[in-house]
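# Architecture at a glance
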Amino acid sequence: MSEREHKVSRRQFLSYTLTGVGGFMAAGMLMPMVRFALDPALKAGAESNVEYVCELEDVTDKPQRFTWSFNQVDSWYDSTVEREAYIYLDGEDVVALSSICTHLGCTIGYQEDTSRFVCPCHGGQFEEDGTNVPGTPPTRPLDVFEVEIRDGAVYLGQTMRRD
Ligand code: FES
């Protein structure tokens, strides 16, 4: 082959250069989007996070309000998260109900005299097991926390929706 056949024309040089720079810029723009789209899937495979809430011996067959807090780092934002749950024993099982009303998200309270949870915002009501009372605004039961019992202590994780 002669040296002349290996020469790159000005047009080819510009074409290669622009393709390379364009590809580099496109990758720079797409990578954060791909990372954002895959993030939930990557986190789903991660170890589940549970937090210590109380001792098992403190839990009775009547719902009691427990609060706990933990540190959470969300990208660059470092914060303290406060949580609460109503925890009770259903036979041998520990049940932890979310205190967030499933109508529009107000905080419910437990009324011992009626054995019901009542929402102060629009009068929503839930039975002791978290089932929504028909005829009141909420259309689904209270969410439940993922429960883990370790060494006689109750640990709670994420809430799960019940329909
Ligand atoms: S937010 Fe609870 S009833 Fe509306």
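Under an unreviewed UniProt entry, the name given to the protein is Menaquinol-cytochrome c reductase iron-sulfur subunit, and the organism recorded is Shouchella xiaoxiensis. Under the heading Cofactor (unreviewed entry), UniProt records this for the protein: "[2Fe-2S] cluster".

## Topic: the overall build of the protein
Helix and strand counts for the protein stand at one helix and nine strands. Counting from the amino terminus, helix and strand elements in the protein follow one another as α-β-β-β-β-β-β-β-β-β. A globule of 163 residues ought to have a C-alpha radius of gyration of about 15 Å, yet the protein, at 27 Å, is considerably larger. For the protein, the C-alpha atoms occupy an extent of roughly 95 × 40 × 25 Å along the three principal directions. Going through the 163 residues of the protein one by one, you find that 17% of them count as buried. In the protein, the proportion of contacts linking residues at least 24 apart, taken out of those at least 6 apart, comes to 38%.

## Quick word on the UniProt feature "domain: Rieske" (unreviewed entry) in the protein
Following the UniProt record, one finds the feature "domain: Rieske" (unreviewed entry) at residues 65-156. Its end C-alpha atoms 13 Å apart, residues 65-156 is made of 0% helix and 54% strand.

## Description of the sheet that holds strand 6 (residues 116-118)
Taken in spatial order, the three strands line up as 5-6-7 in an open sheet, and their pairing is antiparallel. Two strands bound the open sheet, and with one partner strand each, they are strand 5 (109-111) and strand 7 (125-127). Averaged over all pairs of adjacent strands, the angle between strand axes in this sheet comes to 30 degrees, irrespective of strand direction. Bridging between strand 6 and strand 7 involves three bridges; their strand directions are antiparallel.

## Observations regarding the nonpolar core
Core analysis: the biggest nonpolar cluster contains 19 residues, and Ala85, Ile87, Ala96, Val154 and Leu156 have the highest contact counts within it. Top contributing element to this core by residue count: strand 3 (residues 77-90), with four residues. Leaving out residues up to four positions away in the same chain, alanine 96 has contacts with Ala85, Ile87, Val144, Phe145, Val147 and Leu156.

## What about unusual backbone geometry?
Not every positive phi belongs to a glycine, and serine 115 is a case in point at roughly 55 degrees. With 12 C-beta atoms packed within 10 Å, serine 115 lands in the exposed category. One non-glycine residue, aspartate 151, lies in the positive phi region at around 50 degrees. Among the secondary structure elements, aspartate 151 is positioned in the loop between strand 8 (144-150) and strand 9 (153-160).

## Observations regarding the environment of proline 138
With respect to the helices and strands, proline 138 occurs in the loop between strand 7 and strand 8. Separated by 19 residues in sequence, proline 138 and cysteine 119 place their C-alpha atoms 9.5 Å apart. Once you skip the residues sitting within four places of it in the chain, proline 138 turns out to touch Cys101, Thr102, His103, Gly124, Phe126 and Asn132.

## Structural notes on the UniProt feature "transmembrane region" (unreviewed entry) in the protein
Annotation from UniProt places "transmembrane region" (unreviewed entry) at residues 12-34. Across residues 12-34, the secondary structure splits into 100% helix and 0% strand, with the terminal C-alpha atoms separated by 32 Å.

The rules behind these values
- Residues numbered from 1 in each chain as written.
- Predicted model: local features only at pLDDT ≥ 70, side-chain atom pairs only at ≥ 80, totals over all residues.
- UniProt positions renumbered as here; feature names shortened; annotations may be inferred.
- Helix = DSSP H or I, 4+ residues; strand = E, 2+ residues; numbered from the N terminus.
- Rg over C-alpha atoms; globule rule 2.2 N^0.38 Å.
- Buried ≥ 20, exposed ≤ 12 C-beta atoms within 10 Å, placed from the backbone.
- Contact = placed C-beta atoms within 7 Å.
- Pairing = 2+ DSSP bridges.
- Axes fitted to C-alpha atoms, helices over the stretch in contact; angles between N-to-C directions.
- Core = buried A, V, L, I, M, F, W, Y, C linked by C-beta atoms within 7 Å.

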